[in-house]
Amino acid sequence: MRTSIEERFSNEPDERNEGIGKRENMLAFGAAIAATFLARNALQASWRTTLDRDPPKNPASPEVDWKDALLWGALSGAVVGMARIASRRTSSAAYNHFRS
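Predicted model only: the values in this text are computed from it and were never measured.

## Regarding helix α2 (residues 22-51)
In this model α2 runs 43 Å from its N-terminal to its C-terminal C-alpha over 30 residues, within 8% of the 44 Å that 1.5 Å per residue would give. Lining the buried residues of α2 we find α3 (66-99).

Encoded structure:
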């Protein structure tokens, strides 16, 4: 059982993320989840502040205006995507800094 745990959490690169070990990948994944949550909440709060209404919960709903649906989709996709990339890169850099 010990070898199975060591293999699962070894620091060897895996096939999906060449050059990134499993521990580093797990840290980056956790950071990306947290950053996604924070970015989405910040985006929802800024939408409410700017437009004085809630963002669309389901942009595909026929009750949502096209303008709001497209704007929310573009903004949330861009902001969340940038936050995920930035968090993964930052956590990987911190991991490598503290590891060496």
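Let us keep going from here.
## Some points on unusual backbone geometry
Positive phi is not limited to glycine here, since Asp52 has a value of about 55°. Within the element layout of this structure, Asp52 appears in the loop between α2 and α3. A residue is classified by how much of its surface remains accessible, and Asp52, at 69% relative accessible area, is exposed.

## Here we look at the packing of aromatic side chains
Working definition: an aromatic ring pair is given by the centre-to-centre distance plus the angle between the planes. Across all of its chains, the model carries one aromatic pair by this definition. Between Trp47 and Trp72 the ring centres are 5.3 Å apart and the planes differ by 85°, which places this aromatic pair in the edge-to-face class. With Trp47 in helix α2 and Trp72 in helix α3, the pair connects residues that are 25 residues apart, well separated along the chain. Under the relative-accessibility criterion, Trp47 is labelled buried at 4%.

## Focus on the packing of α2 against α3
Relative orientation of the contacting elements α2 and α3 amounts to 145°, with a least axis distance of 7 Å. In this structure, α2 crosses over α3, and the sense of that crossing is right-handed. Partitioning the contact of α2 with α3 into residue classes produces 16 nonpolar, eight polar and six charged.

## With respect to the side chain of Glu24
With respect to the element layout, Glu24 can be found in helix α2. Here Glu24 is buried and forms no salt bridge, its nearest opposite-charge partner Arg99 lying at an N-O distance of 4.9 Å. Here the side chain of Glu24 touches Ser92 through a polar contact of 3.0 Å, side chain to side chain.

## With respect to α3
Here α3 is 34 residues long and its end C-alpha atoms lie 49 Å apart, about the 50 Å a rise of 1.5 Å per residue gives. Residues Asp68, Ala69, Trp72, Ser76, Val80, Ala83, Ser87, Ser91, Ser92 and Tyr95 constitute the buried set of α3. Looking at the buried residues of α3, the elements they touch are α2.

Each value, and the rule that gives it
Residues numbered from 1 in each chain as written. Predicted model: local features only at pLDDT ≥ 70, side-chain atom pairs only at ≥ 80, totals over all residues. Heavy atoms only, no water. Helix = DSSP H or I, 4+ residues; strand = E, 2+ residues; numbered from the N terminus. Expected span 1.5 Å × (residues − 1). Contact = heavy atoms within 4.5 Å. Buried < 20%, exposed > 50% of the residue type's maximum accessible area, 1.4 Å probe, protein only. Phe/Tyr/Trp six-rings, centres within 6.5 Å; stacked < 30°, edge-to-face > 60°. Axes fitted to C-alpha atoms, helices over the stretch in contact; angles between N-to-C directions. Left-handed = near helix turned anticlockwise from the far one by under 90°. Nonpolar A, V, L, I, M, F, W, Y, C, P; charged D, E, K, R; others polar. Lys, Arg positive; Asp, Glu negative; His and termini not counted. Salt bridge = Lys/Arg side-chain N within 4 Å of Asp/Glu carboxyl O. Polar contact = N/O pair within 3.5 Å; in protein donor to acceptor, adjacent residues only side chain to side chain.

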